[in-house]
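Close look at the chain arrangement
If you want the building blocks of each chain, they are given just below.
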Amino acid sequence: MRVLSGIQPSGALHLGNYFAMMKRMIEHQKNHELFCFIVNYHALTTVKDADFLRKNTFEACVDFLALGIDPDKSYFYVQSDIPEVTELTWILSNITEMGLLKRAHSYKDKIAKGIEPNHGLFAYPVLMAADILLYGAEIVPVGKDQKQHVEMTRDIAQKFNSNFGEVFVLPEAEIQGEVATIPGIDGQKMSKSYGNTIDIFAPKNALKKKVMSIVTDARAIDEPKDPDACNLFAIYSLFLDEQGRRELKERYLKPGLKYGEVKKELVEVIWNYFEPYRDKREALLADPDYVHDVMLAGAKKARGVAVQYLEKARAAVGLNY
Ligand code: TRP
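Before going into details, it helps to say that this report is about the structure given with it. Small disclaimer: the values here were computed from a predicted structure and weren't measured.

1. A look at the overall build of the protein chain
Helix and strand content of the protein chain: 13 helices and five strands. By the compact-globule yardstick of 20 Å for 321 residues, the protein chain fits well, its C-alpha radius of gyration being 21 Å. Taken over the C-alpha atoms alone, the protein chain extends approximately 75 × 45 × 40 Å along its principal axes. Classification of the 321 residues of the protein chain by burial places 49% in the buried group. Residue pairs at least 24 apart in sequence account for 77% of intrachain contacts in the protein chain once pairs closer than 6 positions are excluded. Of the charged side chains in the protein chain, 41 are positive and 44 negative; the average position of the first set lies 3 Å away from that of the second.

Below, the structure written as structure tokens:
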């Protein structure tokens, strides 16, 4: 199967990114043909600081490599190194109805949050459709909030194929139940734009500060606690297997649990979980030339697939005069 997903470099990568997408992608590379990329064209819709975008794009590459993406086994690249995607976006734009884009939850949410709506933000789902269709992806692992975007991609592909002939593969979103929505320290979805993230590679004192500020309820120590309504429990659970989760649940249900103690434990759990990757990450950060070489080689390989789909699409709509 051809599996594809991208991640925005709009800030440091956090536990939400890791459990909703990165971890699954790294696992998928064992059994599937994997396309994994950093979507810096998408990040341009909201990031207006060039240095910030450069830094976060580079660091996202480094984080993936440190965590185990193998550029020889997969297609690992930066979106803007494949300019074909912008051409396909334009072709697809002309069969994408305004009504479809107006119904996008993600667009409406961003506007509601006060983000200035520009054309790029409105057209975001068309660029994402191009990202997916350009490589014939079948499975797209994403968080729950991106499900609608994948459905829009199917709609666009279907319309293209019925108007111009079978060119594109219809993709399917892969949403994993338990990691569908990962709460941040305030209980809302963990997201850079809510300022509620716990970053994967934060220094220990910053990690501690974040974990200690996870919002919990005001139940007294001698009261039983409700694991199902607790952010701290939800975040801790990401690192536990079924048995660990059951044990933590039991501690919650018995009087005497101190949230502060659970938080201190969680700091260690998160720190130790990412420990094996820290040295590799430091080494990569110190060798930008190597990282750039890896990314350019990845782009070259991905482009080999992209040009084939683009050529078919150009011919299908009549751009090959
Ligand atoms: N919109 C996705 C997000 O914010 C990122 C993305 C861009 C993507 N292109 C993609 C995800 C293609 C999957 C496939 O999470």
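2. Concerning the site of the ligand
The immediate surroundings of the ligand are formed by 14 residues, with His-42, Tyr-124, Met-128, Asp-131 and Gln-146 found nearest. The side chain of Tyr-124 places a nitrogen or oxygen atom 2.7 Å from a nitrogen atom of the ligand. Here a nitrogen atom of the ligand and a side-chain polar atom of Gln-146 are 2.8 Å apart. In the complex, the protein chains occlude 89% of the 370 Å² of accessible area that the ligand would expose alone. For the shell around the ligand, the secondary structure elements donating two or more residues are strand S1 (2-7) and helix H7 (119-133).

3. Some remarks on helix H8 (residues 147-164)
Along its 18 residues, H8 runs 26 Å from first to last C-alpha, staying within 8% of the 26 Å computed at 1.5 Å per residue. Within H8 the residues assigned to the buried category are Gln-148, His-149, Val-150, Met-152, Thr-153, Ile-156, Ala-157, Phe-160 and Asn-161. The positive-phi residue at the C-terminal boundary of H8 is Gly-165, with phi of around 105°.

4. Thoughts on the packing of aromatic side chains
For any pair of aromatic rings, the description rests on two quantities: the centre-to-centre distance and the angle between the ring planes. All chains considered together, the criterion is met by 20 aromatic pairs. Between Phe-35 and Tyr-75 the ring centres are 4.0 Å apart and the planes differ by 5°, which places this aromatic pair in the stacked class. Here Tyr-75 lies in strand S3 (residues 75-78) and Phe-35 lies in strand S2 (residues 33-38), a separation of 40 residues in the sequence. Given the relative accessible area of 15%, Tyr-75 is considered buried. Taking 5.0 Å as the distance between ring centres and 0° as the angle between the ring planes, the aromatic pair formed by Phe-37 and Tyr-77 counts as stacked.

5. A few points about the side chain of Arg-281
With respect to the helices and strands, Arg-281 occurs in helix H12 (residues 259-285). Filtering out sequence-adjacent residues up to four positions away, Arg-281 remains in contact with Glu-59, Val-62, Asp-63, Ala-66 and Phe-201.

6. As for the environment of Lys-204
Structurally, Lys-204 is set in helix H9 (residues 204-212). Sequence-wise, Lys-204 and Glu-268 are 64 residues apart; in three dimensions their C-alpha atoms are separated by 9.2 Å. Sequence-distant contacts of Lys-204, that is, excluding residues within four places in its chain, are made with Val-267, Glu-268 and Trp-271.

7. Considerations on the pairing of S3
The side-chain alternation of S3 yields two buried faces, one formed by Tyr-75 and Tyr-77 and the other by Phe-76 and Val-78. One ladder, built from four bridges, connects S2 with S3; its direction is parallel. When the sheet's bridge partners are listed, Cys-36 is paired in S3 with Phe-76.

The rules we used
Residues numbered from 1 in each chain as written. Predicted model: local features only at pLDDT ≥ 70, side-chain atom pairs only at ≥ 80, totals over all residues. Heavy atoms only, no water. Helix = DSSP H or I, 4+ residues; strand = E, 2+ residues; numbered from the N terminus. Rg over C-alpha atoms; globule rule 2.2 N^0.38 Å. Buried < 20%, exposed > 50% of the residue type's maximum accessible area, 1.4 Å probe, protein only. Contact = heavy atoms within 4.5 Å. Lys, Arg positive; Asp, Glu negative; His and termini not counted. Charge placed at Lys NZ, Arg CZ, Asp CG, Glu CD. Near = heavy atom within 4 Å. Polar contact = N/O pair within 3.5 Å; in protein donor to acceptor, adjacent residues only side chain to side chain. Areas by Shrake-Rupley, 256 points an atom, 1.4 Å probe, with all protein chains shown as cover. Expected span 1.5 Å × (residues − 1). Phe/Tyr/Trp six-rings, centres within 6.5 Å; stacked < 30°, edge-to-face > 60°. Pairing = 2+ DSSP bridges.

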